[in-house]
Structure formats: C-alpha cells, structure tokens
Amino acid sequence: RDFHNGVPMVLGNEGELIPVFTSIIVNALDAMEDKGTLAFATGIAGNIVFVKIRDTGPGISPGLINRIFDPFFTTKSEKGGTGLGLSIVDKIIKENNGGIDVTSEEGRGTTFTITLPI
C-alpha cells in the first residue's frame with residue numbers, strides 16, 4: 001500500500017464507486033489465481049485524485065487491451081464471465097466525471113488507474 005496522506009474527498013457517488021473498485025480487485029485476484037501481489041496507491045495530481053490498482057498476474061495481451069471495456073467482451077467465458085464488469089466500471093467512472101486507464105505487460109501484470117475530480 002502506498003497511500004498519500006491528506007487525499008481530499010472526491011466528487012462522486014459512493015454507492016456506485018465501491019463496486020468499481022470491487023470489480024477491478026476481483027478481476028485482479030482471478031487473474032493471479034491465488035498467487036502474486038496486489039498493490040494499491042493513491043495520490044493527488046492538480047485537482048484530481050488517483051487510485052492505482054496493480055497486480056502481478058499474467059497481464060493482458062496487446063491485441064485485447066483495447067477491448068476490455070467493451071460490453072460482453074470476456075476472456076473468462078469458461079469461468080462464467082459475462083463481459084459486463086469492466087464495461088460497467090468504465091460507465092460508472094465516466095458518469096462520476098472521472099477517467100480510467102489500463103496498462104499491462106504480458107507476464108508482468110496490469111495496472112488500472114482511476115482518476116476522479118476533487
């Protein structure tokens with residue numbers, strides 16, 4: 001954990017934002033298959049608060065990373081994935097005037113960065 005001291009309150013709907021973080025965390029844990037590290041960081045950049053969630057899972061291939069927020073896109077259909085989780089996450093973040101970005105390196109993990117206005 002790397003939490004910035006004094007992170008101010010953000011403008012957003014708590015009831016909507018909690019499932020955003022839950023969804024990303026559950027996806028990360030699924031990807032790591034009970035091994036690896038899940039890291040969290042928070043900070044401030046101007047009038048924006050950011051939260052980074054990083055895992056050491058297998059990463060997302062470059063050919064798929066641009067599709068992960070598409071409705072019904074899933075790599076977990078055999079495990080019961082519907083492909084709606086990250087599309088809903090993206091929609092909620094945008095409705096709360098925020099942004100979400102993902103970077104990934106195959107074999108090294110994935111980082112989601114969520115930004116929300118102060």
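Rules used throughout
- Residues numbered from 1 in each chain as written.
- Predicted model: local features only at pLDDT ≥ 70, side-chain atom pairs only at ≥ 80, totals over all residues.
- Heavy atoms only, no water.
- Helix = DSSP H or I, 4+ residues; strand = E, 2+ residues; numbered from the N terminus.
- Rg over C-alpha atoms; globule rule 2.2 N^0.38 Å.
- Buried < 20%, exposed > 50% of the residue type's maximum accessible area, 1.4 Å probe, protein only.
- Contact = heavy atoms within 4.5 Å.
- Areas by Shrake-Rupley, 256 points an atom, 1.4 Å probe, with all protein chains shown as cover.
- Phe/Tyr/Trp six-rings, centres within 6.5 Å; stacked < 30°, edge-to-face > 60°.

**Student:** So what's going on with the overall build of the chain? Residues and values would help.
**Tutor:** Looking only at helices and strands, the chain features three helices and four strands. Going from N to C terminus, the chain has its helices and strands arranged as α-β-β-α-α-β-β. The C-alpha radius of gyration computed for the chain amounts to 14 Å, which stays within 12% of the reference 13 Å derived for 118 residues, consistent with globular compactness. Along the longest, intermediate and shortest principal axes, the C-alpha atoms of the chain span 40 × 25 × 25 Å. The buried share among the 118 residues of the chain stands at 32%. Of the contacts made within the chain by residues no fewer than 6 positions apart, 62% connect residues no fewer than 24 positions apart. Accessible surface computed for the chain: about 7,200 Å², of which carbon and sulfur atoms make up 54%.

**Student:** Quick rundown of unusual backbone geometry? Include the residues and the values.
**Tutor:** The phi dihedral of Asp34 falls on the positive side, at around 65°, and the residue is not glycine. Here Asp34 lies in the loop between α1 (14-32) and β1 (38-45). One non-glycine residue, Asn97, lies in the positive phi region at around 60°. You can see Asn97 is positioned in the loop between α3 (85-95) and β3 (99-105).

**Student:** I'd like to hear about the packing of aromatic side chains, residue by residue, with values.
**Tutor:** Working definition: an aromatic ring pair is given by the centre-to-centre distance plus the angle between the planes. In the structure shown here, the tally under the stated rule is one aromatic pair. Ring centres 6.4 Å apart and planes at 85° place the aromatic pair Phe69 and Phe112 in the edge-to-face group. With Phe69 in the loop between α2 (62-65) and α3 and Phe112 in strand β4 (residues 109-117), this residue pair connects regions lying 43 residues apart in the sequence. For Phe69, a relative accessible area of 19% gives the class buried. By relative accessible area, which is 8% here, Phe112 ends up buried.

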